[in-house]
Amino acid sequence: MTSKTAQRLLIVSNRLPLRVVKEREGTWRLERGSGGLVTALAPVLRNRGGAWIGWPGVPAEKSSGNLSELMDKAGKDLGYRIVPVALSRREQRLFYEGFSNEVIWPLFHEFPSLAQFKPSYWDAYRSVNRKYAEIIASHSQSDHFIWIHDYQLMLVAQSLRDLGVQSHLAFFLHIPFPPLDVFLKLPWRLEVLRALLQYDLLGVQTARDRRNVIECFRALMPDVTWRGRGRVVVGQVNGRAVRVGDFPIAIDYRSFARRANAKEVLAVRDMIRAKLPDRKIILGVDRLDYTKGIPHRLEAYREALRRHPDLHGRTTLVQVVVPSRTGVPQYRRLRARIERLVGTIDGEFTRPGWVPIHYIFRSLSPEELLGYYRAADIALITPLKDGMNLIAKEYCTTNVDNDGVLILSEFAGAASQLQNGAILVNPFHITEVADAIYFACTMTISERKRRMKKLRQVIRKQDIFWWVDSFLRSAFSKHLSEFPQLEEYMPLTSTS
């Protein structure tokens, strides 16, 4: 492979796949990221000699000292280049905390009343997306394939085209895309849609998201014509093709299944079961966020205890809440509401030797999290809206005995893949979720095993490597006749 073809893949995300830790004034150290996206894309980048572009996680005002040197060294160790994007405190506040998380996040999760449509947020979002584009342009060549990730960077393609970049551009949205009546509330809706049309491939999580995207384009940009059916449809705009497809993101199945039997994980499992003997352990794990439906879930468990007294003393709900944006008043209020509910429910039902809800407000180590998965008889995953929800897939994968039960919100992206084994519920329907809890608690072992085997088969087949391959194959298939050298990308990853 020549040096020219060895650097054709650029990955761009809001954050780099590294965590910056301050050691002392002016010095830093880096820790490697461990998420599914990093796991899947790192081998591709190493094999192709690509680059990962993103914000390093510290304000530009503090990025002095040995940080630049560490980035260069990290790139050599990882086998691909690390390219930081410098953002000031103000840019991070207005672009990320502001437009990304106070406009796009609530709107795309269908909570429009929580969106703060401030012009200053939009100005910062455009400016930072332009800054990312300038960095990308300075590190790209015409034969590079540029893959941009998530809602923070929707405008990057427009800026790249304005800068004259003609590389193949792809975008993947990790959160839901809203229906037309919700998207219309965005004051800058046309600017966002025009920018998205500058990508060659636009990927979303589910068929529902794909339909929402196409519906918005058809309503607001009637000059674009669409053809095709199935997972990928093609639009014609100004003589060029734009593909829109659904590609449900996944996890590293084999890694989770292997780690599920680690000594440290089994020790956590045994400790939890020893402290909660002869119980059906129901597990909820969520980041602190209004989209996760934690208060609705607690209400449903209370309803289950009221409707089914035989659950008293036989079940325990372990609710883990991972702190997030605790300085934001809205999130502080959500935490207070959750903790009041926990106290109220425990106060109503607790009796000697039994407390119905065990509430944990902190992050868990990877070994702890897997231990809780292994200990839980039931996973209660009921977001009000979620792009995918990988917790559901992680729980099933680590359920190596095939005897767990998954209760899953029909509004989680994972529901479309896991519907044949999970108990699907409407998280707004408190009594339905309560009855699902009772059904899960009384399910026969043969039924549990039948359902869980189905779930694990789907997750094993459609793992994170399948996701990367399916996305990139769709992206490159458009160009194979014009650029036959792209065939060397297939297959791009390997599960061997």
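A brief structural summary. (Residues numbered from 1 in each chain as written. Predicted model: local features only at pLDDT ≥ 70, side-chain atom pairs only at ≥ 80, totals over all residues. Heavy atoms only, no water.)

**Examining the sheet that holds strand 13 (residues 315-322)**
For step 1, the next point in the chain: Strand order in the open sheet formed by 6 strands is 14-13-12-15-16-17, and the pairing between neighbours is parallel. The two strands at the open ends of the sheet, each matched to only one other strand, are strand 14 (357-361) and strand 17 (423-425). Taken over all neighbouring pairs, the strand axes of this sheet differ in orientation by 20 degrees on average, direction set aside.
For step 2, the next point in the chain: Sheet topology note: the strand 12 (residues 280-287)/strand 15 (residues 378-381) ladder contains 2 bridges and is parallel. Paired with Ile-282 across the strands is Ile-378, a residue of strand 15.
For step 3, the next point in the chain: Along the sheet, helix 13 (residues 366-375) contacts strand 12, strand 13 and strand 14; its crossing angle with strand 12, the most-contacted strand, is approximately 145 degrees. (Pairing = 2+ DSSP bridges. Helix = DSSP H or I, 4+ residues; strand = E, 2+ residues; numbered from the N terminus. Axes fitted to C-alpha atoms, helices over the stretch in contact; angles between N-to-C directions. Contact = heavy atoms within 4.5 Å.)

**Considerations on the pattern of salt bridges**
For step 1, the next point in the chain: With the rule as written, the count across this model stands at 23 salt bridges.
For step 2, the next point in the chain: Residue Glu-303 pairs with Arg-307 through a salt bridge whose shortest N-O separation is 3.8 Å. Taken together, the residues span about one helical turn, with Glu-303 and Arg-307 both in helix 11 (residues 294-307) at a distance of 4 residues.
For step 3, the next point in the chain: Arg-307 sits in the partly exposed class, given a relative accessible area of 39%.
For step 4, the next point in the chain: We note a salt bridge from Glu-368 to Arg-362, for which the minimum N-O separation is 2.9 Å.
For step 5, the next point in the chain: Glu-368 gets classed as partly exposed once you look at its relative accessible area, which sits at 21%.
For step 6, the next point in the chain: Arg-362 sits in the partly exposed class, given a relative accessible area of 35%.
For step 7, the next point in the chain: Overlapping salt bridges, with partners in common, bring together Arg-161, Asp-200 and Arg-240 in one network. (Salt bridge = Lys/Arg side-chain N within 4 Å of Asp/Glu carboxyl O. Buried < 20%, exposed > 50% of the residue type's maximum accessible area, 1.4 Å probe, protein only.)

**Here's the deal with the sheet that holds strand 1 (residues 9-15)**
For step 1, the next point in the chain: Ordered in space as 5-4-1-6-7-8-11-10-9, the 9 strands form an open sheet in which the pairing is mixed. Only two strands of the sheet have a single neighbouring strand rather than two, namely strand 5 (81-84) and strand 9 (225-227). Each strand axis lies, on average, 20 degrees off the axis of its neighbour in the sheet, ignoring direction.
For step 2, the next point in the chain: In the sheet, strand 1 pairs with strand 6 (residues 145-149) via 4 bridges, with the strands oriented parallel. By the bridge assignment, Ile-11 is partnered in strand 6 with Trp-147.
For step 3, the next point in the chain: The strands touched by helix 18 (residues 464-477) within the sheet are strand 6, strand 7 (168-172), strand 8 (201-204), strand 10 (232-237) and strand 11 (240-246), with strand 6 carrying the most contacts at an inclination of about 130 degrees.

**Section: helix 8 (residues 207-220)**
For step 1, the next point in the chain: End to end, helix 8 covers 20 Å across 14 residues, agreeing with the expected 20 Å (1.5 Å per residue, within 8%).
For step 2, the next point in the chain: All buried positions along helix 8 are accounted for by Asp-209, Arg-210, Asn-212, Val-213, Ile-214, Cys-216 and Phe-217.
For step 3, the next point in the chain: As for helix 8, its buried residues are in contact with helix 6 (180-183), helix 7 (189-196), strand 8, strand 9, strand 10 and strand 11. (Expected span 1.5 Å × (residues − 1).)

**Notes on the pairing of strand 4 (residues 51-55)**
Here is the key point about a regular strand: its side chains alternate between the two faces of the sheet.
For step 1, the next point in the chain: The buried fraction of strand 4 is high, at 5 of 5 residues.
For step 2, the next point in the chain: When strand 1 meets strand 4, the two strands line up parallel, connected through 4 bridges. Opposite Arg-15, over in strand 4, you have Trp-55 as the bridge partner.
For step 3, the next point in the chain: Relative to strand 5, strand 4 is paired through 4 bridges, and the arrangement is parallel.

**Notes on the nonpolar core**
Burial of nonpolar side chains together is a common tendency in soluble globular proteins.
For step 1, the next point in the chain: Grouped together as the largest cluster of nonpolar side chains are 100 residues, with contacts concentrated most on Ile-148 and Leu-196.
For step 2, the next point in the chain: Apart from residues no more than four positions distant in its own chain, Leu-196 is found in contact with Met-154, Phe-171, Phe-177, Leu-202 and Phe-217.
For step 3, the next point in the chain: Counting 75 residues, the second largest nonpolar core, distinct from the first, contains Val-58, Ile-251, Met-388 and Ile-459. (Core = buried A, V, L, I, M, F, W, Y, C linked by side-chain atoms within 4.5 Å.)

**Things to note about the packing of aromatic side chains**
Two aromatic rings are characterised by how far apart their centres lie and by the angle between their planes.
For step 1, the next point in the chain: On inspection of all chains with the given rule, the structure shows 23 aromatic pairs.
For step 2, the next point in the chain: Ring centres of Tyr-373 and Tyr-395 lie 6.4 Å apart, and the angle between their planes is 75 degrees; this geometry places the pair in the edge-to-face category. Here Tyr-373, found in helix 13, pairs with Tyr-395, found in helix 14 (residues 390-398); they are 22 residues apart in sequence, far enough to count as distant. Across the pair, Tyr-395 and Tyr-373 agree in class, each one buried.
For step 3, the next point in the chain: Three or more aromatic residues link up through ring pairs in this structure, and these residues are Phe-95, Phe-99, Trp-122, Tyr-125 and Trp-188. (Phe/Tyr/Trp six-rings, centres within 6.5 Å; stacked < 30°, edge-to-face > 60°.)

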